[in-house]
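Take a look at the letters that make up each chain.
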Amino acid sequence: MRATELGAPLFSAGRRQPTTRCRATGAPHLVRRPIRPPAMQSIAVFGMVDRVSGSSESSAHEVRWTMAGSWLLGADGGTPGQRPTAVLVAVHQDEGAGDSGPGSEVSLDELRRLADTDGLTVAEAVVQHRPRPDPATFIGSGKVDELAAAAERVHAELVIADGELTPGQVRNLEERVGVRVVDRTALILDIFAEHARTSEGRVQVELAQIAYQLPRLRGDGRSMSRVGGGRMAGGAGIGVRGPGEMRLETQRRTLRQRATRLRRNATELARRRERTRSRRARNQVPSVAITGYTNAGKSALLNRLTGADAQVQDVLFATLDPTVRRISTGALTYTVTDTVGFVRHLPHQLVDAFRSTLDEVSRSDLAMHVVDASAPDALDQITTVHGVLHEIGAGLVPELLVLNKIDVAPPEWVVALCRAYPDAVPVSALTGAGIDRLRAELATLFTRR
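Because the structure is a prediction, the values reported are computed rather than measured.

### Re the sheet that holds strand β8 (residues 287-292)
- Taken together, 6 strands build an open sheet; the order of strands is β9-β10-β8-β11-β12-β13 and the sheet is mixed. Looking along the sheet, the strands with just one partner apiece sit at the ends: β9 (323-329) and β13 (425-426).
- As paired strands, β8 and strand β10 (residues 332-338) are joined by 4 bridges and run parallel to one another. If you follow Ser287 over to β10, its bridge partner there is Thr335.
- Across the face of the sheet, helix α10 (residues 378-391) comes into contact with β8, β11 (366-372) and β12 (399-404) while running at roughly 150° to β11.

Following this line, the structure appears as structure tokens:
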């Protein structure tokens, strides 16, 4: 998690930094540094925090840039040296939700892992069974009281919803519960922002964050009123826009301008990636794209196949930036690309922003679909990945299913998966079991082309 730089802790205690101002005009400069000013009201947005002095006598405001994504607890949230505590909230729709839908044990376990990856400790979960989420508060009024009591009991600093919340639901829940409320999408975006390492990854993540945050901008406090008072009250007249509305418009305009610049950068980076793919195509070098559910062992399999040193961690979304390596087997040479993993309810903002990266799968000659054979919901994960592949236009790419982690998976699970997918290749990236068979299968597939 991060404050102003990728990799910096989101909940670290930063010192208040002096404002840098232009000597000629006195206007504040944009600076990239941690901010924790006391007694200030703010609008927090991805990429920018606009802070206004609480003093009614001062009309000047200071604008500082912070790293996009540090919105989960706000600028002043968190206790230094401690993992923030969170409470999960979910609506389980009994009909049509299935065993892995929102509010199910499978979905909540995955949300706990997402929270743990983002540096949070989940203390409790509140689940309500109802046909559909409440349009005002996501859960019913009685459950909101139960959620507030749970948050107070465990001293939670954050509530995470297993689903996507509307801006109104977030506002109403925060007013009733008294702590910050975020949804599954915001949590995933925060993890992506932490794990992006390359310039392309950072651009794509920030674009996704801006797309998520733009419709959710809102102000707090009297200084953010959206209607100006009458002239007797010192305003410009009845019905005139107040300082809050003008500031929100400024925030939106700034974010839109930032998004435009980021899209230009993303377009140029996509052109570079396309040129690289074109060179490989001209040289008739076949390409394999490793795809699959997050934490299925894709990077470990890449390392085992190619001797690469891609980062391997037992966390969700450890790898976001594509890694390309070349393999030579006899007279056959092909490239293997490790791509971003998928997850249930993958935010559409990320799918749109990572389009150029995901094109590595749709433009490849073969999609190597890696499955965690030790996962109890492996079949559901395969279905989720197939859905995303169709969404990005890679549904017709030839697929080779690879059952990974057979060294820790129960043997009967591996047998059941092999029966369901007879052409699948069982392997262990950790021990090397089945890797020779996988290499031979790849060589056979490319020889038939």
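Next comes the rest of the account.
### Structural notes on the pairing of strand β6 (residues 158-161)
- In β6, alternate side chains face the same way, and those of Leu158 and Ile160 on one face and Val159 and Ala161 on the other are all buried.
- By the bridge criterion, 4 bridges tie strand β4 (residues 85-92) to β6 in an arrangement that is parallel. From the neighbouring strand, Val89 faces β6, where its bridge partner is Ala161.
- Judged from the 4 bridges that link them, β6 and strand β7 (residues 180-183) form a sheet pairing that is parallel. Residue pairing in the sheet places Leu158 in a bridge with Arg180 of β7.
- Where the polypeptide runs from β6 across helix α3 (residues 167-177) and back to β7, its parallel neighbour, the crossover connection is right-handed.

### Considerations on the side chain of Arg344
- Relative to the helices and strands, Arg344 resides in the loop between β10 and α8 (348-353).
- Filtering out sequence-adjacent residues up to four positions away, Arg344 remains in contact with Ser100, Val106, Glu110, Arg184, Tyr293, Asp377, Asp380, Gln381 and Thr384.

### Focus on helix α4 (residues 184-195)
- The terminal C-alpha atoms of α4 lie 17 Å apart, and with 12 residues this matches the ideal 16 Å at 1.5 Å per residue to within 8%.
- Within α4, 12 of the 12 residues are buried, which leaves it mostly tucked inside the rest of the structure.
- Of all the residues in α4, the buried ones are Arg184, Thr185, Ala186, Leu187, Ile188, Leu189, Asp190, Ile191, Phe192, Ala193, Glu194 and His195.
- As for α4, its buried residues are in contact with α1 (105-117), β6, β7, α5 (199-213) and α8.

Cut-off values and rules
Residues numbered from 1 in each chain as written. Predicted model: local features only at pLDDT ≥ 70, side-chain atom pairs only at ≥ 80, totals over all residues. Heavy atoms only, no water. Pairing = 2+ DSSP bridges. Helix = DSSP H or I, 4+ residues; strand = E, 2+ residues; numbered from the N terminus. Contact = heavy atoms within 4.5 Å. Axes fitted to C-alpha atoms, helices over the stretch in contact; angles between N-to-C directions. Buried < 20%, exposed > 50% of the residue type's maximum accessible area, 1.4 Å probe, protein only. Right-handed = clockwise from strand over helix to strand, strands pointing away. Expected span 1.5 Å × (residues − 1).

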